[in-house]
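# Analysis of the macromolecular model
Here is what each chain is made of, one letter per residue.
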Amino acid sequence: MTIQPAFSLLALCLLLLGCVSRGEMTFISETTQTTEIQRIFVATNRNHLAGGSYGTGRSESLYFSRADISIPPDRKAGTISWPKEKPDPDQNFITTEFVNFNSRDGFELRLKQEIQSSPGAHGEVFVFVHGFNNTFSEGLYRAAQSAADYGIVEPVVHFSWASAAQPLWYLRDRDSVLISRSAFVEFLLSVKRAGATKIIIMAHSMGTHLTMEAYRQVALSDPTLKEALFSQVILISPDIDIDVFRAQLLDIGEIDTPIIVFGTDQDKALALSSRLAGGTRLGNVPTENNLQGLNVIVVDVSEVIDGQAGNHLTVLSSKVAIDQFNTLNETVDDISSENLRSLGPLAGGIVSLQNFTKQIYEVSGG
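Per chain, residue numbering runs from 1 following the sequence as it is written. In view of the model being predicted, local features appear only for residues whose pLDDT reaches at least 70, and side-chain atom pairs are presented and counted only at 80 or more, with totals across whole chains, interfaces and linings using the full set of residues. Each side-chain value is worked out from all heavy atoms of the structure, with water and hydrogens disregarded.

### As for the overall build of the chain
If you tally the helices and strands in the chain, you get 13 helices and ten strands. Only protein chains enter the accessibility calculation, which uses a 1.4 Å probe; a residue whose area is less than 20% of its type maximum is buried, one above 50% is exposed, and one in between is partly exposed. A buried classification covers 57% of the 366 residues belonging to the chain. The contact criterion used throughout is that any non-hydrogen atoms of two residues lie within 4.5 Å. A fraction of 79% describes how many contacts in the chain between residues 6 or more apart in sequence connect residues 24 or more apart. Surface summary for the chain: the accessible area is close to 15300 Å², and the carbon and sulfur share equals 50%. Numbering of helices and strands runs from the N terminus, with a helix taken as a DSSP run of H or I at least four residues long and a strand as a DSSP run of E at least two residues long. Using the Shrake-Rupley algorithm and a 1.4 Å probe, accessible areas are obtained, with residue cover drawn only from the displayed protein chains.

### Re the environment of Ser273
With respect to the helices and strands, Ser273 occurs in helix α9 (residues 268-277). The exposure class assigned to Ser273 is buried, which follows from its relative accessible area of 2%. Separated by 34 residues in the primary sequence, Ser273 and Asp239 place their C-alpha atoms 7.7 Å from one another. In this structure the side chain of Ser273 is engaged in a polar contact, spanning 2.7 Å, whose partner is the side chain of Tyr170. Polar contact criterion, stated in full: a pair of N or O atoms within 3.5 Å, where within protein one must be able to donate a hydrogen and the other to accept it, and residues adjacent in sequence count only if both atoms are side-chain atoms.

### Points about the pairing of strand β2 (residues 54-71)
The element β2 is largely enclosed, with a buried count of 13 among its 18 residues. A pair of strands counts as paired when DSSP detects no fewer than two bridges linking them. Where strand β1 (residues 36-48) lies against β2, eleven bridges are found, and the strand directions are antiparallel. By the bridge assignment for β2, Ile40 is matched with Ala67. Where β2 meets strand β3 (residues 94-100), six bridges bridge the pair, whose relative direction is antiparallel. Residue pairing for β3: Ser65 is matched across the bridge by Asn100.

### Regarding helix α2 (residues 104-117)
Multiplying 1.5 Å by the helix residue count minus one yields the expected span of that helix. For α2, built from 14 residues, the straight-helix expectation of 20 Å at 1.5 Å per residue is met to within 8% by its first-to-last C-alpha distance of 20 Å. Among the residues of α2, Phe107, Glu108, Leu111, Glu114 and Ile115 are the ones counted as buried. The buried residues of α2 occupy one face: seen down the axis, they fall within an arc of 125 degrees. Exposed positions of α2 whose direction lies more than 90 degrees from the buried face are Asp105, Leu109, Gln116 and Ser117. Think of the arc as the fan of directions from the helix axis to the C-beta atoms.

Structure below.
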């Protein structure tokens, strides 16, 4: 290895070490009345630990759980506060309950109950997929933080693939993504059987590669399931080679709702990932994006980057971005798949966050 590639790899490792808090779940059964409880259902192909949680090893089995996460009040949007010496529910994220289901049927039954009791009972389910270099707890708490900040009242399910949670093991994580494709599809089928009428997948970083590979697998094996399992796909800072992404889309074929990609050319983690893996990453919003004619809308969020994780977490960690989207949600009655389809002329192109929200507002009749 020459000096320059070695330096790039070292820089990538240091960057990712600095941007991800190493933390583990802290359990306290009782919290204060001022905290918010965010319920997250979980599916994972990580190894099952003796204490009931999950590790960094791979498993051929798919496990199902449910976690209730206490979100502290007066917290800046986009942040996760890990307990230190003495956990404080008013300051820290706390797990108040963690349940492992004994069977897939038990998971589906409990999720079905959650779907039926959610506000409006429209059958929508949000799926969150974490990215590179995440422990089980980090992915779980990020799902809870995102759901809380974006005011998601529908059931949220987190798919936790077996990231090694080691910044030097980038290639190992990519292999774990490939290993997880069938498990992810199996999990989505469980969500569908539980009564989900619309599955909205929000994936981050390397988790976007898993999402697209599973999407492709379903499209090639049973295209009638594409809409049912991938009703709407949102890719945040996608760590996917842009040529690979185009090939995935061509295999997937025609889709009803555009895939939404959020990224920025200021994403330092993806810039270093590009140097490590070779090839341009989709999340870096390249000008020559090779996506013309495809049903994709690329939203450049450079105007709201916050510097966290080398601008790799902007949509999830930037208070400005979160506030802007929440304001849009309050203004527009229905940001639906139909609204997104109305943005067809944007497909394959790049639009700023400001113009994207403006056009959503216009097509929604605002």
